[in-house]
Amino acid sequence: QRARGIFNFSKQYIEPGKDKKYLDIGCNKGFLLNAGIEENFDVHGVELVTVLVKPFCNTFPEYSQQVYSDKFCDVAQRFNAEYFDLITAIDVVEHFEDPLADLKEVHRILKSNGAFVIQTPDIDCDQARTMSCNWGALKPLEHLHLFGGKNFVEFAKQAGFREVTIHDAFEEADGNFVAVLKK
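Residue positions are given per chain, counted from 1 along the sequence in the order it is written. Whole-chain, interface and lining totals are the exception, using all residues; otherwise, since this is a predicted model, local features are given only for residues with pLDDT of at least 70 and side-chain atom pairs are given and counted only at 80 or more. The side-chain values count all of the structure's non-hydrogen atoms but skip hydrogen atoms and water molecules.

Draft legend 1. View of the overall build of the protein. The number of helices and strands found in the protein is seven helices and seven strands. What you see in the protein, going N to C, is helices and strands ordered as α-β-α-β-α-β-α-β-α-β-α-α-β-β. Here the globule rule reads 2.2 Å times residues to the power 0.38, and the radius of gyration is calculated from C-alpha atoms. In terms of overall size, the protein behaves like a compact globule, its C-alpha atoms giving a radius of gyration of 16 Å where 183 residues would be expected to give roughly 16 Å. A principal-axis box enclosing the C-alpha atoms of the protein has dimensions of 45 × 35 × 30 Å. Each residue is assigned to one of three classes by its accessible area relative to the maximum for its type, calculated with a 1.4 Å probe on protein chains only: buried under 20%, partly exposed between the two thresholds, exposed over 50%. The buried share of the protein, reckoned over its 183 residues, is 49%. Think of it this way: any DSSP run of H or I at least four residues long counts as a helix, any run of E at least two long counts as a strand, and we number them from the N terminus.

In structure tokens, the structure reads:
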């Protein structure tokens, strides 16, 4: 149900139509991919931890060749420019080793008027301010880069996105924000 909500939120930022291509970066167990299939999207996924996505690939063998177990920066090179209508990265961009390079790749493979939807911990949230060093999103070995809504807008524009809007998180957890990036 969470995945359907996220997918429905995300797809409202692209033009409706047939033959839509969707990529979920950090697809985990494939819940968002499944939501995309239910909406007749051609789905692709990237997940570093191969074992997580195996049940999805077993359930949907026709998509198993479209789920990649590698870093996004390496997988992105497989796609032509302006390939995807919709791309999501839920709780992922904070893990990117080189987030600017990765966002530039997202920009490259996203169609004009396509949408990139992310959720990430919010360094400007109340939890971050009040909990300081005890804030749950401070995971130096996992969360390599943290953003606030304000600095993320400027950061995404450096990667080439023309429009960036910040929204409330899909769920609070450690204090997140959602950003919708338009090409």
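From this point, things continue past the structure.
Draft legend 2. View of helix α1 (residues 2-11). Within α1, burial applies to Ala3, Ile6, Phe7, Phe9 and Ser10. Seen along its axis, α1 keeps its buried residues to an arc of 160°; they face one direction. On its buried face, α1 sits against β1 (21-25), α2 (31-38), β4 (84-90), β5 (110-121), β6 (163-168) and β7 (176-182). Directions from the helix axis toward the C-beta atoms define the arc. Note on contacts: a residue pair qualifies if any of its non-hydrogen atoms lie within 4.5 Å across the two residues.

Draft legend 3. Region of the structure containing the pairing of β1. In terms of burial, β1 is largely enclosed, as five of its five residues are buried. Pairing between β1 and strand β2 (residues 42-46): five bridges, direction parallel. Residue pairing in the sheet places aspartate 24 in a bridge with glycine 45 of β2. Every crossover in which the path from the first strand over the helix to the second runs clockwise, viewed with the strands pointing away from the viewer, is termed right-handed. Taking the sense of rotation as the criterion, the β-α-β connection linking β1, α2 and β2 turns out right-handed. When DSSP locates at least two bridges between a pair of strands, those strands are taken to pair. Where β1 and β4 come together, three bridges link them in parallel fashion. Along β4, the bridge assignment pairs leucine 23 with isoleucine 87.

Draft legend 4. How the structure looks around the packing of aromatic side chains. Any pair of Phe, Tyr and Trp rings, taking the six-membered ring for Trp, is counted once the centres come within 6.5 Å. Such a pair is stacked with planes under 30 degrees apart, edge-to-face with planes over 60 apart, and tilted for the rest. Across all of its chains, the model carries 16 aromatic pairs by this definition. When the ring of tyrosine 83 is compared with that of phenylalanine 84, the centres are 4.9 Å apart and the planes differ by 80°; the resulting orientation is edge-to-face. On the accessibility criterion, tyrosine 83 (23% relative accessible area) is partly exposed. For phenylalanine 84, a relative accessible area of 0% translates into the label buried. Clustering of aromatic rings is evident, with ring pairs tying together Tyr68, Phe79, Tyr83 and Phe84.

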